[in-house]
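Structural description and commentary
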Amino acid sequence: MYKFYPKIFAQPPGRAAKLLLIMKLNVLLIIFGILQVSASTLAQKITLSEKNAPIETVFEKIRLQSGYDFMITASVLKSARPVNIQVTNADLSAVLNAIFQSQPLEYQLKDNAVLVKIKSPTTFERIKSYFSEIDVTGSIVDPNYVPLSGVYVQIKGTNRGTTTNNNGVFTIKNVEPGSVLVISMMGYEKKEVLADKPVLGNINLVVSTSKLDEVQVIAYGTTTQRTSVGSTSKITSEELSSQMVINPLAALEGRVPGLLVTTGNGAPGAAFKIQIRGQNTLGSVVGSRTPDAPLFIIDGIPFAPQNLSINRLQTFSDANGVGQPGGGISPFDNIDPANIESIEVLKDADATSIYGARGANGVILITTKQGKTGKTQLSGRVFNSINTISRSMPLLNTQQYLQMRKDALSNDGLTANNNPGTPGFAPDLLIFDQNRYSNYLNEFFGESSATQNASVALSGGDFLNTYYVGLNYGRQTYLFPGGFSTNRADGVMKLHHNSLNRKFSVDLSAGYAYSLNNAPGSPSTVSSYTLAPNFPDLRNADGSMRWDINGVNLLSYISSGVNPLAYQLMKNRVAAASFNTSMLLSYEMLPGLKFKTNLGYNNFITNEYLITPKDAQNPLFSPQSTASKSISNAYVWNIEPQLSYDKQIGRNRLSFLVGGTLQQQDNNNVSLSATNFSNDLLINSIASAATVTVQNSNSPYKYNAGFARATYNYDSRYLLSLNGRIDGSSRFAPGKQWGKFGSVGAGWVISQEKFFKDLLDYVSFAKLRASYGTTGNDNVGNYQYTSNWSQVAAGYLYNGQLGYTPKNLANPDFSWSTTKKLEGGLELAFLKDRLVFTGSWYRNRSSNQLIGYQLPMQTGFSTVVQNFPAVVQNTGWEFALSGNMIKGKALNWRSAFNITIPKNKLVAFPGIESTPYANYLIVGQPVSILRGYKYAGINPATGVYQFETASGAVTSAPLAVNRDNMFNIGSQDPKLYGGFRNTFDYKGFQFDIFLEYRKQKGYNYMREQNNPTGYMNNVPMDALNTWNSAGDNAQYQRLTTQSFGTAVTNAFIYYKMSDAVLTDASYIRLKTVSLSYNFKPALLEKMHISGFRAYVNAQNLYTITKYKGNDPETQIFYGIPPLRNISLGLDFNF
Amino acid sequence: MMKYNSISTIFCTVACITAMLHLASCRKFIEIPAPINSITSDQIFVDSVNATAAINGIYINMMNNGFSTGFANSTTTMLAGLSADEMDNAANTANYKEFFANNITGTNTSNLTFWNNIYTYLYEANACIEGAEASTTLTSSLKNRIVGEAKFLRAFYHFYLMNLYGSAPLVLTTDYTVTSKLPRADRSAMEMQILADLNEAQQLLNGDRSAITKNRVNRFAVTAMLARVNLYQQQWAAAETAATAVITANFRLEPILNNVFLTNNQEQIWQMTPVAPGLETTEGQIFIPAAPTLVPAFVITPALNSAYENGDQRKTSWLRSVTIGANTYTYPFKYKLIRDNNTSPREAYSVLRLAEQYLIRAEARVQQGNLSGAAADLNVVRNRAGLANTTASGPSEILAAIQRERRVELACEWGHRWMDLKRTQTADAVLGTKPNWKATATLFPIPNAQIILNPFLTQNPGY
């Protein structure tokens, strides 16, 4: 029995007592071993046959044969060398002499014990050992023989080591023969090499398959989950490419804990709402919400349009209104997911605080693909999809509809008449064909659309240069006829070059993308799908738009007076060109000391042309053709010089980074609106209009920062990270421009501790981490600190003279808002990292909110920009579990699950009572709290909705000036959300299934009904569950043909503002299902193809929900729900 | 280490760090140029062009915000006209119907935008007053003109706020820290401030002896407004004096009724020019149906239709009818043009005109016992409309005749009828015949949204 006194090194003091206890235990055990020995009968002759055996094994065998105990400390044991011995029936002393001859150890016999200690070397031995030690040199390379610099090479069991230079070469002097070198590098598997000769040649490192070693891109560098103390989630190109989507943002939905992605609507090119860890700021308008979008950075350069819709003129995608978050056309439609290597979502203070002012709402880093050393590869993907709407509500057919109308009329005590504008006007019952049936739902969005997409990429390179060239073309049509589609073509190019001595490197990237969205100019197209099902044909026999029905103008039937099909004649052609280029220069001045400069420029130009021809307008109003043109040019350039220093000293790895950011951006726009074209044929030429007015705007923004980061890593066990940043922004008044932000993060990899390894050997990795820090926000308009006047409106003169109007209330005092982020996390890996668990808890507190503070209009303006005293808190839990459930030769099953449980709360709002927010916000409740009436069922006698008042009474008209009768009716924020992915590989087949889920409340379809049920428009079948006579227990109130001014119609308005329409909108969506087949390499080789994959893929295949409405995610009744796409595709690789 | 050129490396490092520190601290890098499409307030009141543009902006805004959402340029006419017995909304728009039914909800958006717009203009007027008064570079004559016009406008806005809402916050500064918490002022404080502002405006504008520019607030517009305010405050002598000053000035009643609302008409004291390119007045656009087959959005009530005496040419000149099916709809037709492409507008929006001054003086004269003088003034207006002299005799009869005359002469113009009924305490008697009439309906509700935004505001009784 042998026990070793463990050597204590750098243990935290708190652990000492426990270790002492372990030591005591060891002594006891040794004594026990001695007692045991004395009791046994012992043979004195020893027989051994060992080759390269650990000394402790040899001792054990001798003990068993001789009964002698060995006493040795752990540190002494460490210097022992493997034993080679071949003896038969030898004396103990002879055996020991033979063993110790080749050991740096000596022994002493005492009673029945052998005491082992370090040999005190003789002078001769010292001289001899000096000459036997060798200088070892070698070169560390990756699997493609690309030299790896900065790799740490350590002599095992010592603190001696070195890092490789730029060429991957290391030299360690005076290595004792037989020493083992431990080679470790982020992202690669640890390797041990015997230092048995002076030149070791190339040593290949193998890329780690553990998720923990996957390289994560972070601010100004990279890291791995194993060594990071921040909260970063990564989506790989594999996961992106498992989904057949045009817009990369669509591929993020449900995939990242803490990231909430919501589809705006199902129109091609439509934008997405994106939010990391909840709403940090209050709405800029009482009751509204600002988007709080994260910062998007592509290859180190801020993306000029960020996630704002690119269109300024109205398009079909604006179902939520022009410029609303999640409305309009997404700028990310210009980016091909196939060219993306990874998307990293940075969440906590450690990960984001180096972005300072821009990191408050989290950061999303998009890294594009880079060439890899190796043979030239041509890879590509082609797919075609058929798209249909995923979910809609069936509407009444003609019979049901007419019956509803008749019932409604009789409820109102009216008889149908034919006089427009009078109560009882019912052309649908009197004039329209009683047997005609059009399914307008199908007419407006029942068709299918098609997507075509093709991407190819050429890449390759040698040790010093790599390149990547990618090309893409994609096209998606709209759901209805008219030739509407969105098209994209883009090309990217990336070059990497290293100087021969590898001290200097340059990365160049350039990408150009052009998209053209031929969109209908008005979202009102679909809002007309609720036309009466027997509404006469909207076209005349000759195919032209119909504007009157039996001599009565359409105005009498459709309140807007516009033929719904005419909206399709209003076309908005949105062309967007984005140009992205960057250059990263890097020079290693001293080993570990690098100077880098990142130079980038991003330009996004949108050119729109919206036409409203005469044909699209009711001729009654003697219309004129109009057209608008808008050209927006958004650009960002930034320069980021950085100086970094990395140093490994023993087991201590230190790195420092200091740098600066110079950024300038502008978003300027010129809009022209033209009326009165001489001829509709010339409507596409704005110069042909009689009247053209011009407007322009610009918003220059300059931003300047200095930043620094220090990280410390001891033995991959203790991790520390410090970040600091000083930011200056042009959005603040002089004196208020500078803000300081910083963070501290620490991690403890418990699994590196010996005691942990002994205790839980199935846990291969365990890390506790925490971070705290501040980030800021300067998300306000420019020039808000001065009082600005501008021309009232273009072309509006007063008797030929110019007129100015004030634009804002000046407030020179506002400055940075800050978000304090606190996070704790636990990361565990089991079974050799096959199963990886990440759990995080976060708390973000935003204060000094920078928003338009609401003012009564008696001040002249509705808002003034100022720092706000409110503190908004977002807390939450995020869990992710991923693993290789089955790793067999034939079957491979990978699984990934994530869940986010967010909670938003208004923590403090001093003086809220005397602010306009008192009626909207409640301290202690989420900022998204909705105030509404409390539904109290239907009055059984009158059949009218009733609501509870503050005093507890029940009424059908609960209006009170101070919103006294409005209650907290809940929030639309998700209670939890996440996704679950499973991938099965079996003999070349791959089956991938991804479920996205969300638990939330949302407005049901009743919220968007313009008129009470019974009015002259179609309704979903569900709406017919109405009260008919006293005592009915129905869901909806009595039918009425009126749209305003009666008790029933008023109650309908209150109903839409009540908790009755805020219902469960939770869902589980079968987001992605795909089945693919990888053709066997043997088969392909003959055809000189290295990879070929064919697949069928479905997006949004099915949704499980109780939601009453078209889609629980978009929650828009008059808009296209997310589409269901079924794609067929091929991936190839030459 | 020595194999690197350490001196140059160290130099490089120091240079880089210095450069970055320099970068990080350089304020120049965060200075942005002045906005291209706006001017800061300190540039406005420096020269005459910009300073004049500042006050022009108010006129443009008043003429631009009109179409169902404003204060000037049709909205006062519509909302007050609907509330009184002048017109009805045939388009059945809920917002307007509430005014017609005298059952305005606190959430009515027309009421809200009406209120909001007046206060927007009030801010602009105050900004002009403050900016011009503080300017050291403007000539004193320009300063006087700007401050005079702005003070008049401030009084004008407060006058309408007071008469339509009972009382309202009295806004005399642009400082939002002050104005955001203002409660409704006492009515007497408002009356005093209105008079003070008008008197001051008169002082400031009287110095300007140049020809009257009708499309701006001018010295006679101030006097005319003083006549009206004094009439409302029953300061008969002052009302008469002011009205006389206008009547004896260079204004004449326009003999041809169809021409009264043309630009630069001799009857007009202050009229505002339409600003939307190619368009005429908003009232023309709202009241005149876009097509002859369309039901007009606003129709005059049978009561108003029958208030015209036989032979009153105003009935044929200033009203028009359209027959659709079995129904005939009559709508206001003082403004006769909708669109006048490519030329400057031919009609202008009348705010103050001479006929009202005759009627003011007539009323003031009756109240002071000058019956013949009153009848003479009344007859000037009647004769122009093709009517014979009044047959009324005795103070009460003449007063009633003046009110009848005001009703038809000033019909569908700036809410005169509604405010006359209120100031003569006859609203209950006349409007009591409307189905939902309540005494409290004489005041519009303060918009709920504004009460929520300013907890110091109180609602009018009955809402």
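Residues numbered from 1 in each chain as written. Chains lettered and ligands numbered in written order. Predicted model: local features only at pLDDT ≥ 70, side-chain atom pairs only at ≥ 80, totals over all residues. Heavy atoms only, no water.

Here we look at the overall build of chain A
Secondary structure summary: chain A contains 14 helices and 57 strands in total. By principal-axis analysis of the C-alpha atoms, chain A measures approximately 125 × 70 × 65 Å. Here the contacts in chain A between residues at least 6 apart in sequence split such that 69% fall between residues at least 24 apart. When the accessible area of chain A is evaluated, it comes to approximately 45700 Å², of which 58% is carbon and sulfur surface. (Helix = DSSP H or I, 4+ residues; strand = E, 2+ residues; numbered from the N terminus. Contact = heavy atoms within 4.5 Å. Areas by Shrake-Rupley, 256 points an atom, 1.4 Å probe, with all protein chains shown as cover.)

Remarks on the overall build of chain B
Helix and strand counts for chain B stand at 20 helices and 7 strands. With 463 residues in all, chain B has 60% of them scored as buried. Across chain B, the fraction of contacts at a sequence separation of at least 24, relative to all contacts at a separation of at least 6, is 69%. For chain B, the accessible area works out to roughly 17400 Å², and carbon and sulfur atoms hold 55% of it. Each charge class in chain B was averaged separately, 37 positive and 35 negative side chains, and the resulting centres sit 2 Å apart. (Buried < 20%, exposed > 50% of the residue type's maximum accessible area, 1.4 Å probe, protein only. Lys, Arg positive; Asp, Glu negative; His and termini not counted. Charge placed at Lys NZ, Arg CZ, Asp CG, Glu CD.)

Points about the sheet that holds strand β5 (residues 113–118) of chain A
Adjacent strands of a sheet pair through backbone hydrogen bonds, lying either parallel or antiparallel. Residue and element names in this part refer to chain A. If you walk across this open sheet you meet the 3 strands as β2-β5-β4, and the pairing is mixed. The open sheet has two free edges, formed respectively by β2 (69–71) and β4 (105–110), since each of these has just one partner strand. Pairwise comparison of adjacent strand axes, ignoring direction, gives a mean angle of 25° for this sheet. Two elements, β2 and β5, share 3 bridges in a ladder whose sense is parallel. What sits directly across from Phe 70, in β5, is Val 114. Its contacts with the sheet place helix α2 (residues 55–66) against β2, β4 and β5, and it is angled at close to 145° to β2. In the packing of helix α4 (residues 92–101) onto the sheet, contacts are made with β2, β4 and β5, and the angle to β4 comes to roughly 160°. (Pairing = 2+ DSSP bridges. Axes fitted to C-alpha atoms, helices over the stretch in contact; angles between N-to-C directions.)

Observations regarding the pattern of salt bridges
Should the charged atoms of two oppositely charged side chains come close, the side chains can pair. All names here are of chain B. Tallied over the full model, the rule gives 61 salt bridges over all chains. Lys 151 is the salt-bridge partner of Glu 133, the closest N and O atoms lying 3.9 Å from each other. Note that Glu 133 is positioned in helix α6 (residues 109–134) and Lys 151 in helix α7 (residues 140–165), a separation of 18 residues in sequence. Glu 133 sits in the partly exposed class, given a relative accessible area of 46%. The shortest N-O distance in the salt bridge between Arg 314 and Asp 312 comes to 2.9 Å. (Salt bridge = Lys/Arg side-chain N within 4 Å of Asp/Glu carboxyl O.)

Here's the deal with the interface of chain B and chain A
Between chain B and chain A, the contact holds 81 residues from the first and 81 residues from the second. On the chain B side of the interface with chain A, the three residues burying the most area are B:Ile30, B:Tyr176 and B:Ile452, jointly 12% of the side's total. Counting across the chain B and chain A interface gives 0 salt bridges. Counting across the chain B and chain A interface gives 17 residue pairs in polar contact (both at pLDDT 80 or more). For the side of chain B that touches chain A, the leading source of residues is helix α3 (residues 48–64) of chain B, giving 10 residues. When its residues are assigned to classes, the side of chain B that touches chain A shows 43 nonpolar, 30 polar and 8 charged. (Buried area = accessible area lost by both parts, 1.4 Å probe. Polar contact = N/O pair within 3.5 Å; in protein donor to acceptor, adjacent residues only side chain to side chain. Nonpolar A, V, L, I, M, F, W, Y, C, P; charged D, E, K, R; others polar.)

Structural notes on a nonpolar patch on the surface
A surface patch of nonpolar side chains, amounting to about 640 Å² of accessible area, comprises A:Leu378, A:Val456, A:Leu458, A:Val469, A:Leu471, A:Met493, A:Leu495, A:Leu508 and A:Phe1134. Position of A:Leu495 among the secondary structure elements: in strand β25 (residues 485–498). (Patch = residues over 30% accessible without salt bridge, like charges linked within 9 Å, V, L, I, M, F, W, Y side chains within 5 Å.)

Description of the confidence of the model for chain B
Residue and element names in this part refer to chain B. Of all residues in chain B, 93% attain a pLDDT of 70 or more, and the chain-wide mean is 90. Confidence, expressed as mean pLDDT per element, reaches its minimum in chain B at helix α1 (residues 6–25) with 59 and its maximum at helix α15 (residues 354–367) with 97. In the predicted complex, the global pTM is 0.83; the interface-specific ipTM is 0.91. (pLDDT = per-residue confidence, 0-100.)

Some thoughts on the sheet that holds strand β19 (residues 301–302) of chain A
Residue and element names in this part refer to chain A. Taken together, 5 strands build an open sheet; the order of strands is β15-β20-β21-β18-β19 and the sheet is mixed. Among the strands making up the open sheet, the edge pair consists of β15 (232–236) and β19. Taken together, the 5 bridges between β15 and strand β20 (residues 340–346) define a ladder with antiparallel strand orientation. Across the sheet, Thr 232 pairs through a bridge with Leu 346, a residue of β20.

Focus: the side chain of A:Asn713
Residues and elements named next belong to chain A. Looking at where Asn 713 falls in the secondary structure, it is placed in strand β34 (residues 701–714). At 2.7 Å, the side chain of Asn 713 and the backbone nitrogen of Ser 716 are in polar contact. If we skip the residues at most four places from it in the chain, Asn 713 touches Thr 227, Arg 651, Asn 652, Arg 653, Tyr 718 and Leu 719.

Digging into the side chain of A:Ser179
Residues and elements named next belong to chain A. For Ser 179, the location among the structural elements is in the loop between β9 (169–175) and β10 (180–184). Assessed through its relative accessible area of 14%, Ser 179 is described here as buried. Look past the residues within four positions of Ser 179 in its chain and what remains in contact with it is Ile 155, Val 193, Leu 194 and Ala 195.

Description of the packing of aromatic side chains
All names here are of chain A. If you walk through the whole model with that rule in mind, you get 86 aromatic pairs over all chains. Here the aromatic rings of Phe 303 and Phe 332 are separated by 4.9 Å at their centres, their planes lie at 45°, and the arrangement is tilted. Residue Phe 303 is found in the loop between β19 and β20, and its partner Phe 332 is found in the loop between β19 and β20; the two are separated by 29 residues along the sequence. For the residue pair Phe 303 and Phe 332, the accessibility class agrees, reading buried in each case. With 6.1 Å between their ring centres and 65° between their planes, Phe 947 and Tyr 1054 make a pair best called edge-to-face. Here Tyr 1054 lies in helix α13 (residues 1047–1056) and Phe 947 lies in strand β48 (residues 945–948), a separation of 107 residues in the sequence. Residues Phe 947 and Tyr 1054 agree in their burial class; the two are buried. (Phe/Tyr/Trp six-rings, centres within 6.5 Å; stacked < 30°, edge-to-face > 60°.)

Quick word on the packing of helix α17 (residues 395–409) of chain B against helix α18 (residues 416–423) of chain B
Residues and elements named next belong to chain B. Contact geometry of α17 with α18 gives a least axis separation of 9 Å together with a crossing angle of 155°. As the angle between them shows, α17 and α18 are arranged roughly antiparallel. Viewed along their axes, α17 and α18 form a crossing whose handedness is left-handed. Every residue of α18 that contacts α17 at Gln 403, Arg 406 and Arg 407 is listed here: His 416, Arg 417, Asp 420 and Arg 423. Partitioned by chemical class, the residues of the contact of α17 with α18 number no nonpolar, 2 polar and 5 charged. (Parallel < 35°, antiparallel > 145°, perpendicular 65-115°, else oblique. Left-handed = near helix turned anticlockwise from the far one by under 90°.)

As for the nonpolar core
Counting residues in each nonpolar core, the largest one holds 155 residues, and the members touching the most others are A:Leu282, B:Met62, B:Phe71, B:Phe152, B:Phe156, B:Tyr157 and B:Trp270. For this core, the element with the most residues is α7(B), which contributes 15 residues. In contact with B:Phe152, not counting residues within four places along its chain, are B:Leu198, B:Ala201, B:Val217, B:Ala221, B:Val222, B:Met225, B:Trp270 and B:Leu352. Counting residues in hydrophobic clusters, the runner-up holds 72 residues, among them A:Tyr401, A:Leu409, A:Leu479 and A:Leu1123. (Core = buried A, V, L, I, M, F, W, Y, C linked by side-chain atoms within 4.5 Å.)

What to know about the confidence of the model for chain A
For chain A, mean pLDDT is 86; residues scoring 70 or higher make up 93% of the total. For residues 1–43 of chain A, every residue scores under 50 in pLDDT, and the model assigns this stretch 55 contacts once sequence neighbours within four places are set aside.

Some details on a positive patch on the surface
On the surface, A:Lys78, A:Lys190, A:Lys754 and A:Lys757 cluster together to form a positively charged patch. As for its position among the elements, A:Lys190 is in the loop between β10 and β11 (191–194).

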